[in-house]
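Spelled out, the chains give:
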Amino acid sequence: MKMDVNFGHVAKNYAQYRNDLPDELLKSLTLRGISFEGKKVVDLGCGTGVFSRALQKEGANVVGVEPALALIEEALTIDAKKGYRIDYQHGFSEDTSLRTDAYEIVTVLRAWHWFNREKTLIEIQRILQAHGSLIIVDSGFLSHQPIVDDTLHFIRKRMPNGQLKRAGAKATSSQLINSFPVEWFEEWQHAQFDLQETYKFYYDVHFSNEEWCGRVGSLSWLTDFDEKERNDLLEQLYRYIQKKYGHVQHQIRHGCYVAVLKRLAE
């Protein structure tokens, strides 16, 4: 996973404030006949392990693959506190070093847009068994909510070019379908992955002013800032929203987007 951003710079914010995995996600997959019980699963770009832990809780035998050591360290710290023991591998989605044809499911949460997708699909073909499943999930807060729009405006004014681009490969796509660039669907088909279903649902996450600033601190837009610059910006943001909104809980609507694919037999 060759990344243009270094999430190690925001690892602690990511661990503390990017844990909004909705309960509806696993329920929605179960309703579609997908079971993780006893399955060998690879969670690519696993970050701080939020999806890996959920999969293990469902009974999966999980291997998490992550290129940022700082995120793996945060994942291990969280696992120790919560009683999980997950096998995390320091590696890349394009070259996992995992066994060939050994896994029944590959999952990706909020990371596909950072991958070298062509090489990653070749690697998934190698490690995933015939007729195995590839589940790609994206999620994030929605704009056109007062606190979100105010925050984006605040950050945009402080960016070098005054712009906030979509993350990773999404920045160059002209059309999105359920948050996925339309080009991805053709790539999946070309790589012999049959799209079983794509769907979306919405959920709410509650934030205090401090928690919301922490969430903002995990965004890819801020990974180019050094620690002092990032902390200064977040402190200014906190004072700004504290003055405008007071001590309130913000109910912020998020979207979750899922693509379920199956590897075709060669």
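Here the structure is a predicted model, which is why all the values come from computation and not from measurement. (Residues numbered from 1 in each chain as written. Predicted model: local features only at pLDDT ≥ 70, side-chain atom pairs only at ≥ 80, totals over all residues. Heavy atoms only, no water.)

### Structural notes on the overall build of the chain
Then comes step 1: Within the chain, the regular secondary structure consists of nine helices and nine strands.
Then comes step 2: Residue burial in the chain is summarised as follows: out of 266 residues, 54% are buried.
Then comes step 3: Of the contacts formed within the chain by residues at least 6 apart in sequence, a portion of 79% connects residues at least 24 apart.
Then comes step 4: A total of about 13,100 Å² of accessible surface is found on the chain, and carbon and sulfur atoms cover 47% of it. (Helix = DSSP H or I, 4+ residues; strand = E, 2+ residues; numbered from the N terminus. Buried < 20%, exposed > 50% of the residue type's maximum accessible area, 1.4 Å probe, protein only. Contact = heavy atoms within 4.5 Å. Areas by Shrake-Rupley, 256 points an atom, 1.4 Å probe, with all protein chains shown as cover.)

### Digging into helix H6 (residues 146-156)
Then comes step 1: By the burial criterion, the buried members of H6 are Ile-147, Val-148, Asp-150, Thr-151, Leu-152, Phe-154 and Ile-155.
Then comes step 2: The elements touched by buried residues of H6 are strand E5 (128-141), helix H8 (209-216), helix H9 (227-245) and strand E9 (250-263).

### A closer look at the packing of aromatic side chains
Then comes step 1: Summed over all chains, the structure comprises 11 aromatic pairs.
Then comes step 2: Here the aromatic rings of Phe-141 and Trp-212 are separated by 5.1 Å at their centres, their planes lie at 65 degrees, and the arrangement is edge-to-face. Taken together, the residues Phe-141 in strand E5 and Trp-212 in helix H8 connect sequence positions 71 residues apart. Per residue, the accessibility class of Phe-141 equals that of Trp-212, and both read buried.
Then comes step 3: Following the ring pairs from residue to residue traces out a cluster consisting of Trp-112, Phe-115, Phe-180, Trp-184, Phe-185 and Trp-188. (Phe/Tyr/Trp six-rings, centres within 6.5 Å; stacked < 30°, edge-to-face > 60°.)

### What about helix H7 (residues 182-190)?
Then comes step 1: Among all positions in H7, only Trp-184, Phe-185 and Trp-188 are buried. Down the axis of H7, the sector holding all buried residues measures 105 degrees, keeping them to one side. Those residues of H7 that are exposed and aimed more than 90 degrees away from the buried face are Glu-186 and His-190.
Then comes step 2: Taken together, the buried residues of H7 touch helix H5 (117-127), E5, strand E6 (176-177), strand E7 (180-181), strand E8 (193-207) and E9.
Then comes step 3: Backbone geometry just downstream of H7 places Gln-192 in the positive-phi region, at approximately 70 degrees. (Arc of directions from axis to C-beta.)

### Comments concerning the packing of H6 against H9
Helix-helix packing is described using two parameters, namely the angle between the two axes and the distance between the axes.
Then comes step 1: H9 packs onto H6 with a crossing angle of 140 degrees between their chain directions and a minimal axis gap of 11 Å. Compared by their axis directions, H6 and H9 come out oblique. H9 is crossed by H6, and the crossing has right-handed handedness. Contact with H6, carried on its side by Pro-146, Ile-147, Asp-150, Thr-151, Phe-154 and Ile-155, involves Leu-233, Gln-236, Leu-237, Tyr-240, Ile-241, Lys-244 and Tyr-245 of H9 and no other residues of that element.
Then comes step 2: In terms of residue class, the contact of H6 with H9 is built from nine nonpolar, two polar and two charged. (Axes fitted to C-alpha atoms, helices over the stretch in contact; angles between N-to-C directions. Parallel < 35°, antiparallel > 145°, perpendicular 65-115°, else oblique. Left-handed = near helix turned anticlockwise from the far one by under 90°. Nonpolar A, V, L, I, M, F, W, Y, C, P; charged D, E, K, R; others polar.)

### Considering the environment of Thr-48
Then comes step 1: Residue position: Thr-48 is located in the loop between strand E1 (40-44) and helix H3 (50-57).
Then comes step 2: Assessed through its relative accessible area of 3%, Thr-48 is described here as buried.
Then comes step 3: In this structure the C-alpha to C-alpha distance between Thr-48 and Ala-75, which are 27 residues apart in sequence, comes to 4.1 Å.

### Points about the pairing of strand E4 (residues 103-109)
Then comes step 1: Most of E4 sits out of view: six of its seven residues are buried.
Then comes step 2: Both E1 and E4 contribute to a ladder of four bridges, which runs parallel. Note that in E4 the partner of Val-41 across the bridge is Ile-105.
Then comes step 3: Where E4 lies against E5, six bridges are found, and the strand directions are parallel. Within the sheet, the bridge partner assigned to Tyr-103 lies in E5 and is Leu-128.
Then comes step 4: This β-α-β element, E4 to H5 to E5, shows right-handed connectivity. (Pairing = 2+ DSSP bridges. Right-handed = clockwise from strand over helix to strand, strands pointing away.)

### Observations concerning the nonpolar core
Then comes step 1: Membership of the largest hydrophobic core comes to 43 residues, with the highest contact counts inside it found for Leu-25, Leu-29, Phe-36, Phe-51, Trp-212 and Val-258.
Then comes step 2: If near-sequence neighbours (up to four positions away) are discounted, Phe-36 is found in contact with Leu-26, Leu-29, Val-41, Leu-55, Glu-58, Gly-59, Ala-60, Ile-105, Thr-107 and Ile-135.
Then comes step 3: Formed by 27 residues, the second largest nonpolar core is a distinct cluster that contains Val-63, Leu-121, Ile-124 and Phe-185. (Core = buried A, V, L, I, M, F, W, Y, C linked by side-chain atoms within 4.5 Å.)

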